Amino acid sequence: MAFSSHNHCSVFPFFFHILGFIFSSFFLEFKPVLAQNSPVFACDITSNPGLANLTFCDASLTVENRVNDLVQRLTLPEKIGFLVSGAGAVSRLGIPKYEWWSEALHGVSYTGPGVHFSSLVPGATSFPQVILTAASFNVTLFETIGKVVSTEARAMYNVGLAGLTYWSPNVNIFRDPRWGRGQETPGEDPTLTSKYGAAYVRGLQQTDDGSKDKLKVAACCKHYTAYDVDNWKGIERYNFNAVVTQQDLDDTFQPPFKSCVLEGDVASMMCSYNQVNGKPTCGDPDLLAGIIRGEWKLNGYIVTDCDSLQEIFKSQHYTKTPEEAAALGLNSGVDLNCGSWLSKYTEGAVDQKLVNESVIDRAISNNFATLMRLGFFDGNPRNHIYGNLGPEDVCTPENQELAREAARQGIVLLKNTAGSLPLIPAAIKSLAVIGPNANVTKTMIGNYEGTPCKYTTPLQGLTASVTTIYKPGCADVSCSTAQIDDAKQIASTADAVVLIMGSDQSIERESLDRINITLPGQQSVLVAEVAKVAKGPVILVIMSGGGMDIQFAVDNPKITSILWVGFPGEAGGAALADVIFGYYNPSGRLPMTWYPQSYADVVPMTIMNMRPDPATNYPGRTYRFYTGPTVFTFGHGLSYSQFKHHLDKAPKFVSIPLEEKHTCRLRKCKSIDVVEQSCSNLGFSIHLRVINVGKISGSHTVFLFTSPPSVHNAPKKHLLGFEKVHLTPQGEGVVEFNVDVCKHLSVHDGLGNRKLALGPYVLHIGDLKHSLTLRI
């Protein structure tokens, strides 16, 4: 989310900006800069005792009563000031300006204008980019990171450096390997993404006193919906029309947003830039008022992506006038506009009778209710919960250790030949470290980043355990020319080689989708040439957001191990060394399919269909539907241990109760409608014993997949759940899955209706398969 590329500042504001800079620079010579060290809040009764008589400042009353009182005190222009992210002040009521736009995708971020770092708080803990954290498949970790991020956010708020509303997480499905923003998401699977979104939201929002009505900070799930084309071959997100079937919408794109609301109780949802089936998402009353507010009962506010309303008018030409675009957003269910569109055109829309003032009242009521749940209208936050947090609570040793642990848990071992990893430090007299990502800092934290507490680069991490010799091999990741001779020289004499390759934000990011999914430039040549001359193990490390076609390395026996480290956060280098030297047994699993380049060559990024179409040789998308070859499959990941599975308990048959006169009792049915009466208390449990038969302690993720009967174009395989267990050598643990038949085994038909297919299912539990039949 960023301001669109179509914004053009006029020369006058720019002139005054420069003038202001000159004057401020002049005065800096004489006056030290004082960091803002007090939070922004309303109802400061200490400074203005008269505010105590205002109902909306009475924290003992219900949020609804307080909001109603506040709204009826405001004039129309004042109301309009609360429809935009840079919300206006109403000094007569003791309400200061408030900036809604802050970000906390994987740590408090400076991407939004609501957050600033200063000498008071120079940095915040920078966790791995989301795609790597998701690879841990550890829901507890997702929530724990959210808790730490919200604590640091509150600490920064208390000294005037951050807001209370954070437009994170990104729960879009990573549908296509070329998408530049896939790095920000938990991957391609709706179940994993749903569990991640709800857990991270809970971590950000839930207060330590257990109050259901209060918020620690307010999270926001984005970008609703079917948003995953940024800029591919000139096709841009601002006017892209995502043509999506109802079936794909309901069983792929919507589940994470639904979970954010129903399981995470998220305080906000952000509508996206694109159109879905010809309607802009921020101007579709069915998607906003109908589903988010109506079906899911969002308790919070709906915000536009930045300048989305402007794009509806300027890029999509969906409305004839700016006022119509403003009215369309408000009437559809938008409460807050990131940007300034509603502050400019809402009054005109009211004058032209395109929108009623009551609609504006609804919008600002949702916004004010959120701020009240955050304590913004309760007076000085230092007198309330979290009021004692400050700079000393940011970048604590514990938080930084969690960043390292998150990276360790996410790192995926993709290939490992016997005798390669882990390296034994005592046996390594010299380690050759080669590659454009070997000594990077900022690359490790991906986008939507903040200033980290500190960095440990891969080179620093490896050098802490053994003697290293380093050559970058390429000037940067684009690697237009590789310094192959330098790299070969150090590789030929070293006991082992670590090649750290991949991408950075110049290759994949917001507003930049990839065309090629191979290693950039001459990287693959460098890898192959180094492998030829190396005398010991060759470990290839890929630092990237999306997958890469590295089939050449998979097939090359001289490349003995391959690791994927995502963008691993501030402690990424330390975590990588922990895995390479066996201080940590890798347990990450890929949260997305790795495709060959041939896929990117023939499949247009703009085709949204998840399901394959044999008539056009379209292969489908993600492990659930894709029918073509892969480099690595979703869920792939190796360990330094081996784990065996034993199925102790699982039913062979499940009977669905139907009333006597149900048509399916009279004739053979392929499926039945999912309805309340047949679903209540219909479930079963699966018990699986897991044994670590290796010599090293380690964690292991157990997946539960189902392959349903092939009716209604159902997924060929679908993740129902996952559990992570930690086992000592020869240790044994029991994993239990509780399956709700209607929730977990149902599929959507072509119209989006939920159906329960009758007949044989295959349950994939760990590496075991179990047959189950649903019958009436």
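This text goes with the structure placed above it.
Given the structure is predicted, the values throughout are model-derived calculations rather than measurements.

Rules of the game
- Residues numbered from 1 in each chain as written.
- Predicted model: local features only at pLDDT ≥ 70, side-chain atom pairs only at ≥ 80, totals over all residues.
- Heavy atoms only, no water.
- Helix = DSSP H or I, 4+ residues; strand = E, 2+ residues; numbered from the N terminus.
- Rg over C-alpha atoms; globule rule 2.2 N^0.38 Å.
- Buried < 20%, exposed > 50% of the residue type's maximum accessible area, 1.4 Å probe, protein only.
- Contact = heavy atoms within 4.5 Å.
- Areas by Shrake-Rupley, 256 points an atom, 1.4 Å probe, with all protein chains shown as cover.
- 1 Å grid on protein atoms, 1.4 Å probe; cavity = no way out; pocket = protein on both sides within 12 Å on 5 of 7 lines; lining within 4 Å.
- Points joined across faces, edges and corners; volume = space filled by probe spheres on them.
- Nonpolar A, V, L, I, M, F, W, Y, C, P; charged D, E, K, R; others polar.
- Phe/Tyr/Trp six-rings, centres within 6.5 Å; stacked < 30°, edge-to-face > 60°.
- Pairing = 2+ DSSP bridges.
- Expected span 1.5 Å × (residues − 1).
- Polar contact = N/O pair within 3.5 Å; in protein donor to acceptor, adjacent residues only side chain to side chain.
- Axes fitted to C-alpha atoms, helices over the stretch in contact; angles between N-to-C directions.

With respect to the overall build of the protein
Scanning the protein for helices and strands turns up 24 helices and 27 strands. Taken over the C-alpha trace, the protein has a radius of gyration of 27 Å; the compact-globule value for 776 residues is 28 Å, and the two agree within 12%. A principal-axis box enclosing the C-alpha atoms of the protein has dimensions of 85 × 75 × 50 Å. Taken over 776 residues, the protein has a buried fraction of 61%. When contacts within the protein are restricted to residue pairs at least 6 apart in sequence, those whose partners lie at least 24 apart make up 78%. Of the roughly 29400 Å² that the protein leaves accessible, carbon and sulfur atoms contribute 54%.

Here we look at the layout of surface pockets
Approximately 1400 Å³ is the volume found for the largest pocket. Lining the largest pocket are 49 residues; nearest its centre among them are P255, S259, E263, K743 and H744. A per-element tally of the lining of the largest pocket places strand 22 (residues 718-727) first, with seven residues. A per-class count over the lining of the largest pocket returns 21 nonpolar, 14 polar and 14 charged. Considering the residues around the second largest pocket, the lining is formed by 30 residues, among which R589, G635, G637, F703 and G766 are closest to the centre. Those elements giving two or more residues to the lining of the second largest pocket turn out to be strand 17 (643-649) and strand 21 (698-707). In terms of residues, the lining of the second largest pocket owes the most to one element, strand 21, which gives six residues. Its residues assigned to classes, the lining of the second largest pocket comprises nine nonpolar, 17 polar and four charged.

Regarding the packing of aromatic side chains
The final tally for this structure, using the stated rule, is 31 aromatic pairs. Ring geometry for F137 versus F722: centroids 5.2 Å apart, planes at 85 degrees, classification edge-to-face. With a gap of 585 residues between them, F137 in the loop between helix 4 (130-134) and helix 5 (139-158) and F722 in strand 22 connect regions that are remote in the sequence. A relative accessible area of 1% places F137 in the buried class. Residue F722 is classed as buried on the basis of its relative accessible area of 6%.

Topic: the environment of V675
Considering the arrangement of structural elements, one finds V675 in the loop between strand 19 (671-673) and helix 23 (676-679). The spatial distance from the C-alpha of V675 to the C-alpha of A327 is 38 Å, given a sequence separation of 348 residues.

Looking at the pairing of strand 27 (residues 768-775)
Bridge analysis of strand 18 (residues 653-655) against strand 27 gives three bridges, and the strand direction is parallel. Within strand 27, the residue paired with F653 across the bridge is T773. In this structure, strand 26 (residues 759-765) lies alongside strand 27, joined through seven bridges in antiparallel fashion. Across the sheet, residue P760 finds its bridge partner in strand 27, namely T773. Turn length for the strand 26-strand 27 hairpin, with the two strands adjacent in sequence and antiparallel, is two residues, and the turn residue G766 shows positive phi of about 60 degrees.

Considering helix 6 (residues 190-205)
Along its 16 residues, helix 6 runs 22 Å from first to last C-alpha, staying within 8% of the 22 Å computed at 1.5 Å per residue. For helix 6, a buried count of 14 out of 16 residues is recorded, marking the element as mostly surrounded by other parts of the structure. Between the side-chain oxygen at the start of helix 6 and the backbone nitrogen of T191 there is a gap of 3.0 Å, and the oxygen is on D189.

Describing the sheet that holds strand 18
Taken in spatial order, the five strands of this open sheet run 18-27-26-21-22, and their pairing is mixed. Every interior strand has two partners, whereas the edge strands, strand 18 and strand 22, have only one. The mean angle between the axes of side-by-side strands here comes to 20 degrees, regardless of whether they run parallel or antiparallel.

Side note on the side chain of T560
The residue T560 is located in the loop between helix 18 (551-555) and strand 16 (561-564) in this model. A relative accessible area of 13% means that T560 is categorised as buried. If sequence neighbours within four positions are ignored, T560 has contacts with K415, N416, T417, S420, P537 and V538.

With respect to helix 12 (residues 341-351)
For helix 12, every residue scored as buried is listed here: W341, L342, T346, G348, A349 and V350. In the core, the buried residues of helix 12 are packed alongside helix 3 (76-81), helix 10 (308-314), helix 11 (322-332) and helix 13 (357-373). K353 sits one or two positions beyond helix 12 and adopts a positive phi of about 60 degrees.

Remarks on the environment of K147
Within the secondary structure, K147 sits in helix 5. It is 27 Å that separates the C-alpha atoms of K147 and G546, two residues lying 399 residues apart in sequence. Setting aside residues up to four positions removed in sequence, K147 forms contacts with G203, L204 and K216.

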